[in-house]
Amino acid sequence: MTISTISAISAMRQSTLQTLGLGTALEIFRNGRLPASARDLVDEVFGKVGDRGALVISGANGIVGAGKAMQLGSRLEPFGVPILALDFPGASDGMGRHYPGLAKTFGREGAARIMENIIRMSYNGLCLPQQLKGLKPRFLLEAIPEILDAKKAHYKLFRSAFPELEIRSVTSGFPSSELGVGIAHPAFPHEISKIWEMVESNPSSLIPHPSPIPRLFWALGMIPVPVSDNWSFVLDVLFCGATLAALRYHQASNMPYWKIDKYFRKLLGANPFRAHDAIGAKGANFLTWSCLHHLKRQYGALFEPNADLNERKDTGQEYYPLNHFRPLVNWSFGRDEEEDFKIRILGPLFQMTSLILHEKRSHLAHVNAIGELCAQFRRGILAVIRGAGYEAAMKIVKDYHKLHPQAKKCWYPEAFEQIGTPEWQQLYVNAEHNGRAGIITVSRESYNSDVDAELNRAIDWLAGENIERVIITGDFHLSTQMVGADTADFYPALSDVKEGLRISGDWSRTARRLHDDFKVSVGFIGGKRCFGGFLELLMHCHYLVSVEEAGLGMPEVTLPVVPGMEGCHWPFRKTAPEKWPGLLRLLLSGSPVRAKEAVGRLVDYAGPIDKCLQTAWKIVTGADHNVARRKVKEAALKKLPKDLALPDSENNAVEAGRKAIFECIQASCAATSSEALLIQAKHSAGFMASPACRTGRIGAELKKTMEV
């Protein structure tokens with residue numbers, strides 16, 4: 001693979017942090033602090049304490065405006081930034097319906113503080129309320145309907161009153177060049193999702209720019225993703241394109257929408273029609289039509305809305321009517337029918353992706369992540385294409401063109417010729433080094449076979465660069481937590497023990513490389529939680545450093561599955577016998593603990609974020625750090641607890657999981673470390689193929705997702 005060198009740091013590919021002007025992960029550790037401060041950026045955008053201005057959200061009672069008032073209000077309230085919620089008189093109370101969720105998350109007192117900081121105002125659309133001046137608006141987030149002339153008139157109204165005001169539109173489709181303002185397009189659900197597609201003042205270059213807005217959003221704990229200034233950016237090319245492909249299949253086959261959703265979910269993981277109903281069919285249908293209508297004008301018939309969508313953008317009719325007869329009219333595809341479905345769905349999506357790549361709409365890791373985090377694809381669209389391979393992807397699009405020849409206009413097959421490059425091959429895992437210490441970053445919150453393969457390539461690359469010291473961590477951007485294994489990868493193992501043995505064995509051997517292939521390895525947990533397979537992975541490092549409030553746990557028993565990345569013996573081999581009952585309780589209860597309570601048992605150091613960054617860097621560079629290295633005991637362990645009194649679970653599957661995990665602990669700990677890898681893999685594989693696992697949550701998801 002080629003190497004890019006930036007400020008004496010060599011990397012497999014560009015870090016996504018660099019697209020925000022936030023440097024690299026290695027620089028974060030070397031500097032011992034995060035690259036942006038929320039307090040400093042709030043001062044820069046809204047003014048200093050005593051002279052704070054307001055955030056104005058227009059269209060604040062709509063789905064987007066209300067959700068973002070809650071999300072931004074909760075983050076800006078501690079800094080004393082007032083939220084001004086502006087809408088027409090008589091608009092429905094979109095914010096009020098979010099209050100129960102706010103109270104559940106922040107408690108009644110916290111929710112009350114947030115709501116007290118939100119000032120509601122009405123206006124007639126022609127002139128602004130006089131009271132606005134006294135609140136000193138500094139930033140306008142526009143969330144009014146997708147009508148271009150109305151949006152432009154709205155900006156003119158605000159700019160005439162507040163010439164220095166920062167303005168961002170939440171538009172799904174209009175580019176900045178049409179609107180005359182920057183873009184901050186949020187993903188649904190708006191009160192929860194942290195993803196924002198952002199177009200700034202230099203939108204075509206995807207390089208750091210002077211605006212502090214994306215860095216402020218990042219420092220507030222959200223996920224800004226820079227995109228170039230093209231119609232519908234990335235998310236709505238994929239989301240609206242997926243919906244259009246599904247609508248065209250309905251037109252060709254007359255298959256009901258709910259059935260198309262089931263096969264779409266099996267193929268890619270998303271439910272385009274259910275998603276429109278969940279968002280609100282009236283608004284979502286119009287937005288989808290609007291994006292496709294303008295894309296068609298720019299790029300041709302590939303994006304042309306069909307008659308069904310043209311009708312629904314006016315009627316707002318839902319796709320799932322009440323009391324529909326789904327349980328009574330079920331059937332399955334034949335092989336030829338399923339292949340036809342695959343061509344009609346993947347063909348246009350692959351072609352649309354070629355356009356995104358041809359126009360360089362975003363960093364490839366961003367494009368892939370947007371498909372997963374926003375469009376709800378099981379695997380990002382680039383990972384799907386990479387998995388299919390160049391020849392197969394070409395054939396799918398070619399076969400699609402036989403069915404829809406007028407769509408050939410914007411097809412860029414050369415965009416897929418780069419599949420072998422690091423940008424394509426390292427969508428989830430990157431590696432950097434400065435000649436002495438390396439950093440491996442993982443940008444996916446759940447571990448799957450794509451991550452496993454990329455992690456092995458990253459380790460190989462560092463070995464080829466003669467790097468013997470490494471930190472492995474989340475990427476400080478797209479991955480804000482590590483939630484464990486992607487259980488969708490387990491589906492084949494529920495009916496084939498060999499598949500379970502392959503997954504557990506391969507993933508465990510990858511984890512062991514962090515222990516065996518480096519002189520010093522440091523796992524770093526910087527997000528809210530680290531569970532399951534990711535915790536097992538990082539515990540293989542010689543040291544594990546975590547922010548003190550992070551939740552750590554092994555929730556496999558609740559699924560149930562038997563931990564398959566050596567969680568049933570590896571932590572015992574690193575821990576003093578008096579702490580074994582605590583490990584046993586962790587594995588058999590599934591209950592998490594705070595990192596600060598798990599020092600010496602799961603982690604080696606826990607503290608505030610800056611201290612953790614500094615400690616990890618001292619360890620990996622060989623400086624004085626005063627953190628003891630816990631050795632892994634190779635020999636069989638003796639005097640393990642033979643029982644642990646836990647209250648009986650009312651769930652039979654959980655009880656079966658506890659028994660299987662306990663048996664795996666006893667068997668793998670009674671062997672040497674070398675022998676235990678295969679022993680625990682066999683236990684994990686055997687249980688995945690058992691009735692107890694198939695009747696648990698993973699089995700239920702398999703049935704719901706794959707057995708159509």
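Residues numbered from 1 in each chain as written. Predicted model: local features only at pLDDT ≥ 70, side-chain atom pairs only at ≥ 80, totals over all residues. Heavy atoms only, no water.

Colleague: With reference to specific residues and values, describe the layout of surface pockets.
Modeller: The volume enclosed by the second largest pocket comes to roughly 1400 Å³. Taken together, 45 residues line the second largest pocket, and the ones lying closest to its centre are Arg75, Lys194, Gly221, Thr480 and Lys528. Mapped onto the lining of the second largest pocket, the elements with two or more residues apiece are helix 3 (63–76), helix 4 (99–116), helix 7 (213–219), strand 14 (469–474), strand 16 (520–525), strand 17 (529–531) and strand 20 (593–594). In terms of residue class, the lining of the second largest pocket is built from 21 nonpolar, 15 polar and nine charged. Split by domain, the residues of the lining of the second largest pocket number at least three in each of domain 1 (36–226) and domain 3 (428–705). (1 Å grid on protein atoms, 1.4 Å probe; cavity = no way out; pocket = protein on both sides within 12 Å on 5 of 7 lines; lining within 4 Å. Points joined across faces, edges and corners; volume = space filled by probe spheres on them. Helix = DSSP H or I, 4+ residues; strand = E, 2+ residues; numbered from the N terminus. Nonpolar A, V, L, I, M, F, W, Y, C, P; charged D, E, K, R; others polar. Domains from an automatic or database assignment.)

Colleague: Residue-level account of the side chain of Glu432, with values.
Modeller: Within the secondary structure, Glu432 is located in strand 11 (residues 429–433). Buried within the structure, Glu432 lacks any salt-bridge partner; Arg13 is the closest side chain of opposite charge, at an N-O distance of 7.4 Å. Filtering out sequence-adjacent residues up to four positions away, Glu432 remains in contact with Ile9, Ser10, Ala11, Ser15, Thr24, Ala25, Leu26, Ala437, Gly438, Ile439, Trp461 and Leu462. (Buried < 20%, exposed > 50% of the residue type's maximum accessible area, 1.4 Å probe, protein only. Lys, Arg positive; Asp, Glu negative; His and termini not counted. Salt bridge = Lys/Arg side-chain N within 4 Å of Asp/Glu carboxyl O. Contact = heavy atoms within 4.5 Å.)

Colleague: Summarise the domain arrangement of the chain; cite the residues concerned and give the values.
Modeller: Split by domain assignment, the chain resolves into domain 1 (36–226), domain 2 (235–423) and domain 3 (428–705). Listed per partner, the contact involves 14 residues of domain 2 and 12 residues of domain 3. Of the roughly 980 Å² buried between domain 2 and domain 3, counting both surfaces, carbon and sulfur atoms make up 43%. Among the residues of domain 2 in contact with domain 3, Arg265, Arg378 and Arg386 are the three that bury the most area, contributing 43% of the side total. (Buried area = accessible area lost by both parts, 1.4 Å probe.)

Colleague: Help me get a handle on the sheet that holds strand 17, residues and values and all.
Modeller: The strands making up a sheet associate through hydrogen bonds between their backbones, and the pairing can be parallel or antiparallel. On the basis of which strands lie adjacent, the open sheet formed by three strands has the order 17-19-20 and mixed pairing. A single partner strand is all that each edge strand has here, and the edge strands are strand 17 and strand 20. One ladder, built from three bridges, connects strand 17 with strand 19 (residues 551–553); its direction is parallel. Note on strand 19: the bridge partner recorded for Phe531 is Gly553. Of the strands in this sheet, strand 17 and strand 19 are in contact with helix 20 (residues 532–539), which crosses strand 17 at around 90 degrees. (Pairing = 2+ DSSP bridges. Axes fitted to C-alpha atoms, helices over the stretch in contact; angles between N-to-C directions.)

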